[in-house]
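If you want the building blocks of each chain, they are given just below.
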Amino acid sequence: MRRPAERESRKNDPEKTRDDILNVATEEFSAYGLSGGRVDAIAEKTRTSKRMIYYYFGSKEGLYLAVLEKAYRKIRSLEADLELADMPPVEALRTLVANTFDHDENNPDFVRLVSIENIHHANHMKRSSEIGELNLSIVRTIGEILERGRREGVFHRDVDAVDLHMLISAFCFFRVSNRYTFGTIFHRDLSEPTLYDRHKRMISDAVVAYVTQPAAK
């Protein structure tokens, strides 16, 4: 039975309760998906109740969407903290690539959640105005870096910001989402430090080379 002090703490700190639920729900949904994830299990691990969870999030789908929003909020917040506008364009681009690479490696739950949402054809994500606005911020950031680079004469290719975001995300995401199948087929541990560092340099060099070289005619 829950102790009175625990109940009082939760009552007096609803934000902590909400965050606790979101953290455990992230683990549950990333491990078992929306269909397999159980609200009962989340309630038990957070020492709350289904009723409290539904009070905060409305439904299981509402909780799942809140988990997705938190996951995207985290990476966009990390990017905002980089202060890329204060860096020369090439350094800013390399820093952004490194941040994306490290984030995806250190947050496999994020990769699994996005993969799961793709299975659902982004049906839940479409209901979130926050996710759309959050992801516009990274497109604006990349666009500003590209514009500065062209203005300063260091970038020589006319690149669409969304295309470049996709290029960066594709490599960083793939090596986490496919690490087990890829590693089994090619007998490589993608988290091994030497390989990790090589891949990190490789995607950074590839992105910088792409924007600094003129397009082939």
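Residues numbered from 1 in each chain as written. Predicted model: local features only at pLDDT ≥ 70, side-chain atom pairs only at ≥ 80, totals over all residues. Heavy atoms only, no water.

## Some points on the overall build of the protein chain
Then, number 1: Summing up its helical and strand segments, the protein chain has 11 helices and 0 strands in all.
Then, number 2: Ordered by position from the N terminus, the helices and strands of the protein chain form the series α-α-α-α-α-α-α-α-α-α-α.
Then, number 3: Based on the C-alpha atoms only, the size of the protein chain along its principal axes is roughly 70 × 40 × 30 Å.
Then, number 4: Across the 217 residues in the protein chain, those meeting the buried criterion constitute 41%.
Then, number 5: For the protein chain, contacts bridging at least 24 residues in sequence account for 69% of all contacts bridging at least 6.
Then, number 6: Positive and negative side-chain charges in the protein chain, numbering 33 and 34 respectively, have mean positions lying 5 Å apart. (Helix = DSSP H or I, 4+ residues; strand = E, 2+ residues; numbered from the N terminus. Buried < 20%, exposed > 50% of the residue type's maximum accessible area, 1.4 Å probe, protein only. Contact = heavy atoms within 4.5 Å. Lys, Arg positive; Asp, Glu negative; His and termini not counted. Charge placed at Lys NZ, Arg CZ, Asp CG, Glu CD.)

## Regarding the layout of surface pockets
Then, number 1: In this structure, the largest pocket occupies an estimated 330 Å³ of space.
Then, number 2: Tyr-72, Phe-110, His-165, Ser-169 and Phe-173 are the residues nearest the centre of the largest pocket, which is lined by 19 residues in total.
Then, number 3: Per element, the largest residue contribution to the lining of the largest pocket is 6 residues, and it comes from helix α9 (residues 161-177). (1 Å grid on protein atoms, 1.4 Å probe; cavity = no way out; pocket = protein on both sides within 12 Å on 5 of 7 lines; lining within 4 Å. Points joined across faces, edges and corners; volume = space filled by probe spheres on them.)

## Focus on the UniProt feature "domain: HTH tetR-type" (unreviewed entry) in the protein chain
Then, number 1: Within this structure's numbering, the places UniProt gives as "domain: HTH tetR-type" (unreviewed entry) are residues 15-75.
Then, number 2: End-to-end, the C-alpha atoms of residues 15-75 are 20 Å apart, and along that stretch the chain is 89% helix and 0% strand. (UniProt positions renumbered as here; feature names shortened; annotations may be inferred.)

## Focus on the nonpolar core
Then, number 1: With 28 residues, the main nonpolar core has Phe-29, Ile-42, Ile-53, Phe-57 and Leu-63 as its most contacted residues.
Then, number 2: Counting only elements with at least two residues in this core, the list comes to α2 (14-36), α3 (39-46), α4 (50-57), α5 (60-80), α7 (108-119), α8 (129-151) and α9.
Then, number 3: Tallying contributions element by element places α5 first for this core, with 8 residues.
Then, number 4: Not counting residues within four places of it along the chain, the set of residues in contact with Ile-42 comprises Ile-21, Val-24, Ala-25, Glu-28, Phe-29, Ile-53 and Leu-63. (Core = buried A, V, L, I, M, F, W, Y, C linked by side-chain atoms within 4.5 Å.)

## Topic: the packing of aromatic side chains
Then, number 1: In the structure shown here, the tally under the stated rule is 7 aromatic pairs.
Then, number 2: Residues Phe-29 and Tyr-64 carry aromatic rings whose centres are separated by 5.5 Å and whose planes lie at 90° to one another, so their mutual orientation is edge-to-face. A residue pair is termed long-range when its members are at least 10 positions apart, and Phe-29 in helix α2 and Tyr-64 in helix α5 qualify at 35 residues. Neither residue differs from the other here; Phe-29 and Tyr-64 are each classed as buried.
Then, number 3: Between Tyr-72 and Phe-110, the aromatic rings sit 5.3 Å apart at their centres with planes inclined by 80°, giving edge-to-face as the arrangement. Placement of Tyr-72 in helix α5 and of Phe-110 in helix α7 is noted, with a sequence separation of 38 residues between them.
Then, number 4: Judged by relative accessible area, which is 10%, Tyr-72 ranks as buried.
Then, number 5: Here the aromatic residues Tyr-55, Tyr-56 and Phe-57 are joined through ring pairs into a cluster of three or more.
Then, number 6: When the ring centre of Tyr-210 is taken as reference, the NZ or CZ atom of Arg-157 above it lies at 4.1 Å. (Phe/Tyr/Trp six-rings, centres within 6.5 Å; stacked < 30°, edge-to-face > 60°. Lys NZ or Arg CZ within 6 Å of the ring centre and 35° of its normal.)

## Section: unusual backbone geometry
Across the chain, the bulk of peptide bonds are trans and the bulk of non-glycine residues have phi less than zero.
Then, number 1: With a phi close to 55°, His-121 is a non-glycine residue in the positive phi region.
Then, number 2: Phi angles above zero are rare outside glycine, and Ala-122 is one such case at about 60°.
Then, number 3: Along the polypeptide, Ala-122 turns up in the loop between α7 and α8.
Then, number 4: Here Ala-122 falls in the partly exposed class, since its relative accessible area comes to 22%.

## Examining the pattern of salt bridges
A side chain of one charge can pair with a side chain of the opposite charge if their charged atoms are brought near each other.
Then, number 1: Under the defined criterion, the tally for this structure stands at 14 salt bridges.
Then, number 2: Between Arg-140 and Glu-133 there is a salt bridge whose closest N-O contact spans 3.4 Å.
Then, number 3: The partly exposed category is assigned to Arg-140, whose relative accessible area is 42%.
Then, number 4: On the basis of relative accessibility, which here comes to 43%, the residue Glu-133 falls in the partly exposed class.
Then, number 5: One salt bridge connects Arg-150 with Glu-147, and the closest N-O pair in it is separated by 3.6 Å. Placement of the pair is Arg-150 and Glu-147 together in helix α8, with a separation of 3 residues, close to one helical turn.
Then, number 6: Salt bridges here are not isolated pairs; linked through shared partners, they connect Glu-147, Arg-150, Arg-151 and Asp-158. (Salt bridge = Lys/Arg side-chain N within 4 Å of Asp/Glu carboxyl O.)

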